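One letter stands for each residue in the lines below.
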Amino acid sequence: MVQIEPVIKLVELLRSATLRTRIGLWYMPLEAAGREREIAVQLSVEAVDVRTPLRTKIAPGAEYLRLSTVKIIETLDLIASTTGRSDCVLVCNLDLLLSGVTQKECTQVWEELFNGLPHRSRALLLAIPETATQVLPDDELLAAWRRDNRVAQ
């Protein structure tokens, strides 16, 4: 059974008007993997696979899309800026995108997400599997996310 109480509190914070940048990080337990849509229903948020909007950017005949910091941020901005069924989105599979860029680019993404994308129409709850530590922000930046109460475990 996945404990979602800390996540519920984070979603409440993300939905409040207190944050300029309404982006939070959830260390998703492994038993939640594959159940993101079910958990999104429990949280009263919408679930979005971050890879879906990227698929439209693959050129005809191409099999792959070169990932970059800009493409990842643009994709998350698109999700946060468009209207949907909920004012908060559980973003799934971001770890897969972050594992496809360099460590420097991964750090740039987290730095941008900490302060960037202010005042968007939808809050983002970024679900990162608890074992995907290699794609998390560095300790200093992660401590800042924690100080802002923007991390749920």
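Keep in mind it's a predicted model, so treat the numbers as computed, not measured.

About the criteria used
Residues numbered from 1 in each chain as written. Predicted model: local features only at pLDDT ≥ 70, side-chain atom pairs only at ≥ 80, totals over all residues. Heavy atoms only, no water. Buried < 20%, exposed > 50% of the residue type's maximum accessible area, 1.4 Å probe, protein only. Helix = DSSP H or I, 4+ residues; strand = E, 2+ residues; numbered from the N terminus. Pairing = 2+ DSSP bridges. 1 Å grid on protein atoms, 1.4 Å probe; cavity = no way out; pocket = protein on both sides within 12 Å on 5 of 7 lines; lining within 4 Å. Points joined across faces, edges and corners; volume = space filled by probe spheres on them. Nonpolar A, V, L, I, M, F, W, Y, C, P; charged D, E, K, R; others polar. Phe/Tyr/Trp six-rings, centres within 6.5 Å; stacked < 30°, edge-to-face > 60°. Lys NZ or Arg CZ within 6 Å of the ring centre and 35° of its normal. Core = buried A, V, L, I, M, F, W, Y, C linked by side-chain atoms within 4.5 Å. Contact = heavy atoms within 4.5 Å. Arc of directions from axis to C-beta.

Engineer: How would you sum up the pairing of strand β4 (residues 123-129)? Please name residues and give values.
Structural biologist: Burial runs high along β4: seven of the seven residues are buried. With six bridges joining them, strand β1 (residues 23-28) and β4 adopt parallel strand pairing. Directly across from W26, in β4, lies its bridge partner A127. Bridging between strand β3 (residues 88-92) and β4 involves four bridges; their strand directions are parallel. Across the sheet, residue V89 finds its bridge partner in β4, namely L124.

Engineer: A description of the layout of surface pockets should follow, citing residues and the corresponding values.
Structural biologist: In this model, the largest pocket occupies a volume close to 190 Å³. Along its surface, the largest pocket is lined by R51, L54, R55, I58, E63, Y64, L65, L67, L96 and L97. Breaking the lining of the largest pocket down by element, the ones donating at least two residues are α3 (51-55) and α5 (94-98). For the lining of the largest pocket, the element with the most residues is α3, which contributes three residues. Across the lining of the largest pocket, the residue classes break down as seven nonpolar, no polar and three charged.

Engineer: Help me get a handle on the packing of aromatic side chains, residues and values and all.
Structural biologist: Between two aromatic rings, the relevant description is the distance of the centres plus the angle of the planes. What the rule picks out here adds up to two aromatic pairs. Here F114 and W145 contribute two aromatic rings whose centre-to-centre distance is 5.7 Å and whose plane-to-plane angle is 55°, an arrangement assigned as tilted. Residue F114 is located in helix α6 (residues 103-115), and its partner W145 is located in helix α7 (residues 139-147); the two are separated by 31 residues in the primary sequence. Taking relative accessible area as the criterion, F114 reaches 14% and is therefore assigned buried. Taking the relative accessible area as the measure of exposure, W145 reaches 0% and is therefore buried. The rings of W110, F114 and W145 are connected pair by pair, giving a single aromatic cluster. A cation over an aromatic ring shows up here: R150 above the ring of W145, its NZ or CZ 4.4 Å from the ring centre.

Engineer: Mind laying out the nonpolar core, listing which residues take part and the relevant values?
Structural biologist: Within the largest apolar cluster, 35 residues are counted, with the highest numbers of intra-cluster contacts made by L76, W110 and L113. Listed by contribution, the elements that provide at least two residues to this core are β1, α4 (69-81), β3, α5, α6, β4 and α7. When sequence neighbours within four positions are dropped, the list of residues in contact with W110 reads L25, L98, L126, I128, V135, L136, P137, L141 and W145. If you look at the next biggest cluster of nonpolar residues, it comprises 22 residues, including V2, I4, A32 and A152.

Engineer: Quick rundown of α7? Include the residues and the values.
Structural biologist: Inspection of α7 places L141, L142, A144 and W145 among the buried residues, and these make up the whole buried set. Burial along α7 is one-sided: seen end-on, the buried residues are contained in an arc of 155°. Facing away from the buried side of α7 by more than 90 degrees, the exposed set consists of D139, E140 and R147. Packed against the buried residues of α7 are β1, α6 and β5 (151-152). Where α7 terminates, the next one or two residues include N149, which has phi positive at roughly 60°.

Keep in mind these numbers describe shape, not what the thing actually does.
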